[in-house]
Amino acid sequence: MESWSVDQVCNWLRQRNLGELVPKFREEEVSGAALLALNDRMVQQLVKKIGHQAVLMDLIRKYQQQKSGLESLQYCCETASPKFLELISGKNQKSFFARYKTLQWTSSYTLPDFPYDVKCILAEKKCPDHSMRIRIIEFLQADMTKYLGGSLYPNSQQYNIVVNALLQAYPFLDEDGNGFLLWKRALKDRFKYVRRPIEDDEQVLRNKCKFGHRRGQTRKSSFVEDKPEDIQVQVEEELVHLEGSGMDVHIKWLKQEYMKTQRNWKEVDNRMNVTIEIRRKMISDKAPLKDILRLFPFLRCPYQLFREFQLLTQMDVYKKTVEILEIYSENILSLYAVRNNPINIMLQENLKRHTEEDILKYMKMTAACLLLPDVFGDDSSLFVAVNEEVKAVTPVLEVKNPFNVNACEFALYVGREELAQLDDCTMALAALVAAFHVFDIPCPERIHRTLNFLESLVFEVRSPASLLTQVKRGLEAPKYSSI
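## So, the overall build of the protein
Right, on to step 1. A tally of regular secondary structure across the protein gives 25 helices and four strands.
Right, on to step 2. Across the 483 residues of the protein, 47% fall into the buried class.
Right, on to step 3. Taking as baseline every contact in the protein between residues at least 6 positions apart, the subset at least 24 positions apart corresponds to 63%.
Right, on to step 4. Working note: accessible area of the protein is about 25,100 Å², and carbon and sulfur atoms make up 51% of it.

Written out as structure tokens, the structure reads:
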């Protein structure tokens, strides 16, 4: 935790249902080292609510205790007497040292010394080509196997630690905020590739039998989109857990209810509440989005997406988004930086054709929504695709015929696939903000200022007056230039 960046601290807060604190922690640039150095007085200044103060201090205290316990355990192992080793012999010894190794990984992981050609590419901060990616993954897989004592089955936490270490050391590998998923998927694929031809290892054979390994099965290379049958194995452990805990009954009901035209929304809410723990665990462990939506298809419904956001943050994102567009739409459209924008020109042409006050207000709010990235000098392609194909893999809006009252269409895309159809610009903007939080997706740097502005309003971190100043200052920021 000491080496975490501000973004990693913010992700940690969201995973512990403290997403409301993220904007303030970003503003104060609280890194991992700064987080562990916080005292009671600093926490009181950072966090308004007493409940959040207590939870945050408890989490910090537990981590420090865990770290202290790990250091004591390490000393104990290094100075252990033969009598102590006899006491934990056999299966107990194996279990003890497996636990000890996991604690070691949790405390600290150091990247291996890469080969010379790999180090040259990384030193130049160049995005590696396909062959170089494979070289990096092969080296990471070999290093992990060494630390695991020859085991070819890392757990999800160990995958996360290694990939986080890689992206922290070389941030340019993050690839618009989606790099974590790609590198983790590639590393898992590498372990599968190494395990496939093995026929004489007891652990490998046992797991092949458990998860229904198919002889002759082929697998595409890393960084290629997964097929449903290929990614099934990745969530098999979660499904086994679901069956054992009775959760499969609720999930089966949710899947069946989703196919109906008349749905029992009250019961849907109840069963989504019951299954939230396993759902959040899957999302936290970076399970593929397709698997999450296959088990919990109601997350495709805007109402359930907003409800999940509220369960995590205690904030009504749709209500707040309505307020944002109503307050700021006129101010945004009057800014000089967007006067010659094609969206604004299209708006002015369509305004002349209507006189109804409600339609004019709707058009202005739609234009303000679409122009937000241009106000802050961000990359609009990572925010919205207007009458064109969606290219970004992170959450992005697709909008067709934005100012045609009878033919306009709004949709939310994640991973270049449509997640939900939306009624209007307000619902679309709310769904975009909610998707980043609900699916725990890191915000791309090139759209950070826009989403930070929206989150500051949603979480009531700043007053409208101070945020209006932020909008004006945002205009002075240099516009992002793509490479």
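The rest of the description comes next.
## Some details on the pattern of salt bridges
Right, on to step 1. Counted by the stated rule, this structure contains 19 salt bridges.
Right, on to step 2. A salt bridge links Asp-7 to Arg-26; the shortest N-O distance between them is 2.4 Å. Taken together, the positions of Asp-7 in helix H1 (residues 6-15) and Arg-26 in helix H2 (residues 22-27) put the pair 19 residues apart, joining distant regions of the chain.
Right, on to step 3. Residue Asp-7 is classed as partly exposed on the basis of its relative accessible area, which comes to 35%.
Right, on to step 4. A residue is classified by how much of its surface remains accessible, and Arg-26, at 14% relative accessible area, is buried.
Right, on to step 5. The salt bridge involving Asp-440 is made with Lys-286; its shortest N-O contact spans 3.5 Å. Residue Asp-440 is found in the loop between helix H23 (425-438) and helix H24 (448-458), and its partner Lys-286 is found in the loop between helix H17 (276-284) and helix H18 (289-295); the two are separated by 154 residues along the sequence.
Right, on to step 6. The exposure class of Lys-286 is buried, given its relative accessible area of 15%.
Right, on to step 7. One continuous salt-bridge network, built from bridges that share partners, spans Arg-279, Arg-280 and Glu-308.

## Describing the pairing of strand E2 (residues 396-400)
Right, on to step 1. E2 sits mainly inside the fold: four of its five residues count as buried.
Right, on to step 2. The pairing of strand E1 (residues 384-386) with E2 spans three bridges and is classified as parallel. Opposite Ala-385, over in E2, you have Glu-398 as the bridge partner.
Right, on to step 3. Bridge count for E2 against strand E3 (residues 409-414) is five bridges, and the pairing is antiparallel. Across the sheet, Val-399 pairs through a bridge with Phe-410, a residue of E3.

## Quick notes on the environment of Cys-443
Right, on to step 1. For Cys-443, the position within the fold is in the loop between H23 and H24.
Right, on to step 2. Separated by 61 residues in sequence, Cys-443 and Leu-382 place their C-alpha atoms 9.8 Å apart.
Right, on to step 3. Not counting residues up to four positions away in its chain, the partners in contact with Cys-443 are Phe-436, His-448 and Leu-451.

## Overview of the sheet that holds strand E4 (residues 417-422)
Right, on to step 1. Overall, mixed pairing links the four strands, which are arranged E1-E2-E3-E4 in an open sheet. Both outer strands of the open sheet, E1 and E4, are each paired with one neighbouring strand and no more. For this sheet, the mean angle separating the axes of adjacent strands, direction not counted, is 25°.

## Some points on the environment of Val-414
Right, on to step 1. By secondary structure assignment, the location of Val-414 is in strand E3.
Right, on to step 2. As a C-alpha pair, Val-414 and Ile-441 span 27 residues in sequence and 9.8 Å in three-dimensional space.
Right, on to step 3. Beyond its immediate chain neighbours, meaning those up to four positions away, Val-414 contacts Leu-289, Val-393, Pro-395, Leu-419 and Ile-441.

## Some remarks on the nonpolar core
Right, on to step 1. Judged by nonpolar contacts, the single largest core of 82 residues is most densely connected at Phe-296, Leu-412, Leu-422, Phe-439 and Leu-454.
Right, on to step 2. With twelve residues, H23 is the largest single contributor of residues to this core.
Right, on to step 3. Ignoring any residue separated from it by four or fewer positions in sequence, one finds Leu-422 in contact with Pro-302, Leu-397, Phe-410, Ala-411, Leu-412, Met-427, Ala-428 and Ala-431.
Right, on to step 4. Counting 24 residues, the second-largest nonpolar core is a separate cluster that includes Met-132, Ala-165, Ala-186 and Leu-187.

Basis of the calculations
Every chain's residues receive numbers from 1 upward, in the order its sequence appears when written. Whole-chain, interface and lining totals are the exception, using all residues; otherwise, since this is a predicted model, local features are given only for residues with pLDDT of at least 70 and side-chain atom pairs are given and counted only at 80 or more. Only hydrogens and water are removed before side-chain values are computed, so all heavy atoms of the structure are retained for them. Put simply, DSSP H or I for four residues or longer makes a helix, DSSP E for two residues or longer makes a strand, and each gets a number counted from the N terminus. Only protein chains enter the calculation, and the probe is 1.4 Å; a residue is then buried if its accessible area is under 20% of its type maximum, exposed if over 50%, and partly exposed in between. In what follows, a contact means two residues having at least one pair of non-hydrogen atoms within 4.5 Å. Values of accessible area rely on a 1.4 Å probe in the Shrake-Rupley scheme; residue burial ignores everything except the protein chains shown. Any carboxyl oxygen of Asp or Glu that lies within 4 Å of a side-chain nitrogen of Lys or Arg is treated as forming a salt bridge with it. The criterion for strand pairing is that DSSP finds at least two bridges linking the strands in question. Axis lines are fitted to C-alpha atoms, over the contacting stretch for helices. Their N-to-C directions set the angle, which ranges from 0 to 180 degrees. What makes a nonpolar core is a set of buried Ala, Val, Leu, Ile, Met, Phe, Trp, Tyr and Cys residues whose side-chain atoms join them at distances within 4.5 Å.

Spatial relationships are all this shows, so hold off on functional conclusions.
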